[in-house]
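# Survey of secondary and tertiary structure
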Amino acid sequence: MSTDSTVPDATSPPDSSTRPDTPTLPIATRRRAFARLLPHLRGRAGWLVVLLVAGTANAAAGLVGPWAIGRLVDALPAGAGPEVVWTSAIAVAVAGLVMAVGTWIGAWALARVAMPAVAGLRTDVVGAALALDAQTVERTGTGDLVSRVADDSRRVSETSTQILPLVVESVLVVVVSAIGLAAVDWRLGLVGLVALPMYGLTLRWYLPRSAPLYQQERAAIGRRSGRLLGGLTGARTLRAHRAEHIELARIDSASVEARDLSIGVFRFLTRAFSRNNRAEAVVLSLLLLTGFALVWFDETTPGAVTTAALVFHRLFNPIGALVGLFDQIQSAGASLTRMVGVIDAAGSRDREAAATDTATDATDTAAEAVPGSDGPVAAADGGARSAGLVLRDLWYSYDDQVALPGEQNHVLRGVDLTVAPGEVVAVVGTTGAGKSTLAKIAAGLAAPSSGSAQLIEDWPVIEDSSVSEDGPVNESGSVIEYRPAIVNGPAARTGHEITTLPEHRLRAHVAMIAQEVHTFVGTIRDNVAMPVPDAPPAAIEHALRRVGADWAFALPHGLDTVVGDGGARLSPLQEQTIALARLVLADPDIAILDEATAEAGSTGAHLLETAAAAALEGRGALVIAHRLSQAEAADRVLVMEHGQVVEEGPHAQLVAAGGRYAALWEAWSG
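Now for a quick tour of the structure.

Cut-offs applied
- Residues numbered from 1 in each chain as written.
- Predicted model: local features only at pLDDT ≥ 70, side-chain atom pairs only at ≥ 80, totals over all residues.
- Heavy atoms only, no water.
- Helix = DSSP H or I, 4+ residues; strand = E, 2+ residues; numbered from the N terminus.
- Contact = heavy atoms within 4.5 Å.
- Areas by Shrake-Rupley, 256 points an atom, 1.4 Å probe, with all protein chains shown as cover.
- Salt bridge = Lys/Arg side-chain N within 4 Å of Asp/Glu carboxyl O.
- Buried < 20%, exposed > 50% of the residue type's maximum accessible area, 1.4 Å probe, protein only.
- Pairing = 2+ DSSP bridges.
- Core = buried A, V, L, I, M, F, W, Y, C linked by side-chain atoms within 4.5 Å.
- Axes fitted to C-alpha atoms, helices over the stretch in contact; angles between N-to-C directions.
- Patch = residues over 30% accessible without salt bridge, like charges linked within 9 Å, V, L, I, M, F, W, Y side chains within 5 Å.
- Parallel < 35°, antiparallel > 145°, perpendicular 65-115°, else oblique.
- Nonpolar A, V, L, I, M, F, W, Y, C, P; charged D, E, K, R; others polar.
- Left-handed = near helix turned anticlockwise from the far one by under 90°.

## Focus: the overall build of the protein chain
Helices and strands together make up the secondary structure of the protein chain, namely 21 helices and 16 strands. The long-range fraction of contacts in the protein chain, counting pairs at least 24 apart against all pairs at least 6 apart in sequence, stands at 79%. Entry remark: accessible area of the protein chain is about 31,500 Å², with carbon and sulfur atoms responsible for 61%.

## Quick word on the pattern of salt bridges
Pairs can form between side chains of opposite charge once their charged atoms are near each other. All told, the structure shown has 17 salt bridges when counted by the stated rule. Taking the shortest distance from any N to any O, the salt bridge between Arg32 and Asp344 comes out at 2.8 Å. Here Asp344 lies in helix 12 (residues 316–368) and Arg32 lies in helix 1 (residues 30–41), a separation of 312 residues in the sequence. Put simply, Asp185 and Arg187 hold a salt bridge, and the shortest N to O gap is 3.1 Å. By relative accessible area, Asp185 is classed as buried at 6%.

## Some thoughts on the pairing of strand 15 (residues 636–641)
Extensive coverage of strand 15 is indicated by the burial of 5 of its 6 residues. Judged from the 5 bridges that link them, strand 5 (residues 424–429) and strand 15 form a sheet pairing that is parallel. Opposite Val427, over in strand 15, you have Leu638 as the bridge partner. Of the strand pairs in this sheet, strand 15 and strand 16 (residues 644–649) are connected by 5 bridges, and their pairing is antiparallel. In the sheet register, Leu638 faces strand 16, and the bridge partner there is Glu648.

## Some thoughts on the nonpolar core
Counting residues in hydrophobic clusters, the biggest one holds 46 residues, and the most contacted among them are Val428, Ile524, Leu544 and Tyr661. When residues in this core are grouped by element, the largest group, 7 residues, is from helix 17 (residues 572–586). Beyond its immediate stretch of four places on either side in the chain, Ile524 contacts Leu544, Trp551, Ala552, Leu555, Gly558, Leu559, Thr561, Val563, Leu570 and Ile578. Listed in part, the 31 residues of the second largest apolar core include Ala433, Ile441, Ile590 and Leu622.

## Some points on unusual backbone geometry
Within the chain, Asp393 stands out as a residue other than glycine whose phi angle is a positive 50 degrees. Within the fold, Asp393 resides in strand 3 (residues 388–396). Of note, the phi angle at Asp587 is positive, near 55 degrees, even though the residue is not glycine. Position of Asp587 relative to the elements: it lies in the loop between helix 17 and strand 13 (590–594). Residue classification places Asp587 among the partly exposed positions, given a relative accessible area of 35%.

## Quick look at the environment of Met530
Of note, Met530 is situated in the loop between helix 15 (524–528) and helix 16 (537–546). Taking relative accessible area as the criterion, Met530 reaches 41% and is therefore assigned partly exposed. Through-space distance from the C-alpha of Met530 to that of Ala586 is 8.8 Å; in sequence the pair is 56 residues apart. The residues contacting Met530, other than those within four sequence positions of it, are Phe520 and Arg582.

## Quick notes on the sheet that holds strand 10 (residues 510–513)
Where strands meet in a sheet, backbone hydrogen bonds hold them as pairs that are either parallel or antiparallel. Reading across from one edge, 10-13-14-5-15-16 is the order of the 6 strands in this open sheet, with mixed pairing throughout. A strand with exactly one partner marks an edge of an open sheet, and here the two such strands are strand 10 and strand 16. Strand-to-strand twist across the sheet, computed as the mean angle between neighbouring axes with direction ignored, equals 15 degrees. Sheet analysis places strand 13 next to strand 14 (residues 620–624), joined by 5 bridges and oriented parallel. Its bridge partner lying in strand 14, Ile592 is registered against Leu622.

## Concerning a nonpolar patch on the surface
A surface patch of nonpolar side chains, amounting to about 450 Å² of accessible area, comprises Trp186, Leu190, Leu193 and Leu196. Within the secondary structure layout, Leu190 lies in helix 7 (residues 186–192).

## Some thoughts on the sheet that holds strand 6 (residues 450–456)
Read from one edge of the open sheet, 4 strands run 4-3-6-9, paired in antiparallel fashion. Where the open sheet ends on each side, the last strands, each with one partner, are strand 4 (412–419) and strand 9 (496–497). Two strands pair when backbone bridges link them, and strand 3 and strand 6 are joined in this way by 6 bridges, in the antiparallel orientation. Pairing of Leu391 across the sheet is with Ala453, part of strand 6.

## Re the packing of helix 4 (residues 82–131) against helix 6 (residues 142–184)
Between helix 4 and helix 6, the shortest axis-to-axis distance is 10 Å and the interhelical angle comes to 175 degrees. Our classification of the angle between helix 4 and helix 6 gives roughly antiparallel. Note on element contacts: helix 6 touches helix 4 through Leu145, Val149, Ser153, Val156, Ser157, Ser160, Thr161, Leu164 and Pro165, opposite Leu110, Ala114, Met115, Val118, Arg122, Val125, Val126 and Ala129. Here the residues of the contact of helix 4 with helix 6 are counted per class, giving 12 nonpolar, 4 polar and 1 charged.

## Some words on the environment of Pro588
Along the chain, the position of Pro588 falls in the loop between helix 17 and strand 13. Assessed through its relative accessible area of 0%, Pro588 is described here as buried. Separated by 78 residues in the primary sequence, Pro588 and Val510 have C-alpha atoms spaced 5.5 Å apart.

## Focus: the packing of helix 6 against helix 11 (residues 302–314)
The contact between helix 6 and helix 11 brings their axes to 9 Å, and the two run at 165 degrees. Between helix 6 and helix 11, the angle is such that the two are roughly antiparallel. When you trace helix 6 past helix 11, the crossing you get is left-handed. Contact with helix 6, carried on its side by Val173, Ser177, Leu181 and Val184, involves Ala304, Thr307, Ala308, Val311 and Arg314 of helix 11 and no other residues of that element.

Rendered as structure tokens:
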């Protein structure tokens, strides 16, 4: 058994997102991503019309400058007076005013279109992230999820507010300027068309290469975030094992990968710019040569050629901006597909959950129709407790390449565990024995590499007078023994694999409290009511008093006192009692405590153990025991070493046996 509360179970892995080749959440296709965004754009057609009108007026006003200069080139050599200059200057001034107003109106209209759409999508992503089942998050890693919810969401938001207005403006300027070039002289307009195939070749070269490259860059940034998150959250473990330099090397490797990909993206972008510059130089040269020839043969005027050249030159900036900003658009597009991937992952889980619900409901209905079946077991508080856990031949490895039982690197090796309704089972062992991993599997936070982990929702009660006298006895003197649903007979019930159950259905029966709990920003009342948001005030107060949290009522504002970041500071003991009060309010059939009393320290250990005992009253429990006093109070004790159960039985029986548990107890109590 671990005697140092600051050193977590060594079998607990780093964040899975920091391991190479780890699976990630799905990435949606671009079509799927924009289809998901489309509903948020509906009803905003009016603002789109305003955007197009303002943008077109802005682009058209930009043609006044080249027209005015061309007019002066033709008029002044012909002897025109100063009125030509004044009228041209006034026209340019008015055009500047129109451009300013048009830019402002366009930005305003785009904001009314884009910002609500992005905000709605971001809300969908956060909702989907919160709805993801714990098994998916554990498998894919929190780093990937955090990167999508935070980094990718920020990238899409910044693009919609800063980049998208420039893109829309540039597109309209290109279209209007092309029309203006043709209007000046259709022959010069034909010369300008030479740029189209050259720009087209640039896009043909750019587009197929850019999307994968930007997705790789975003994924590398996600892996870097995962490494950083894993290093920060696992800082105590790293210090305990003097492994800071190892994790720093891994973080550095992930950072180097992200840096190199970003440099590669920039190098790729400069190559695209060089292709654009080549097209601009060729077409501008052709335009000037053609214009010279047309003027030479009196087919046009020097002013028209000047206007055409300036209009084409005006295209340099918007086209360059489109290519320059296209990398950010592509990057935002990659982020959008990753965000929608979170929604798809949650939606896929919902569909699986619905299918599982349908199948298990049909099974339960059939089981309930069997005559002669027994009802649920009564809890101490009068409620019905009929759910239990049956874990059989569990093998588990954090190495995805290790799959077969008997291979090396397994954290769990053939573990069997049964938790009957109302039974408290304590698990003890040295650090690294696999206790926390066993708790995660029992809670549905990890799937076994091999074996079965089932929740029996309607546990059969079998009366059997031939079993051990250590079992509970009914009024007639027969011993009642709880057995898993694999028994034959009318009372048998079908168990469901924990990892296939819908999250809401699993959490209705099983809840877990880990060693490190979180206090959210909000009132004490809000924190306790998290599992049951609509819980009445009396139920919240009862939950707190049951775990001995009378201190909460003595706070300056009672249960309405704000805690968390920026609020009243709570001690580890107080935070743990809030977590236990949540457990009481959620009222699951089975509670799993993974060293949930370890953070209290020796001074608060007795108080917290008393609170935990009150919270567990009347329900089954799997307790990863930090102190052997918890094991002493349990109905049954499992002793684990090297991923295996080496001893099992009641406390008194194990102490009398003189084995491994007896040695631990002697060291503890002596």
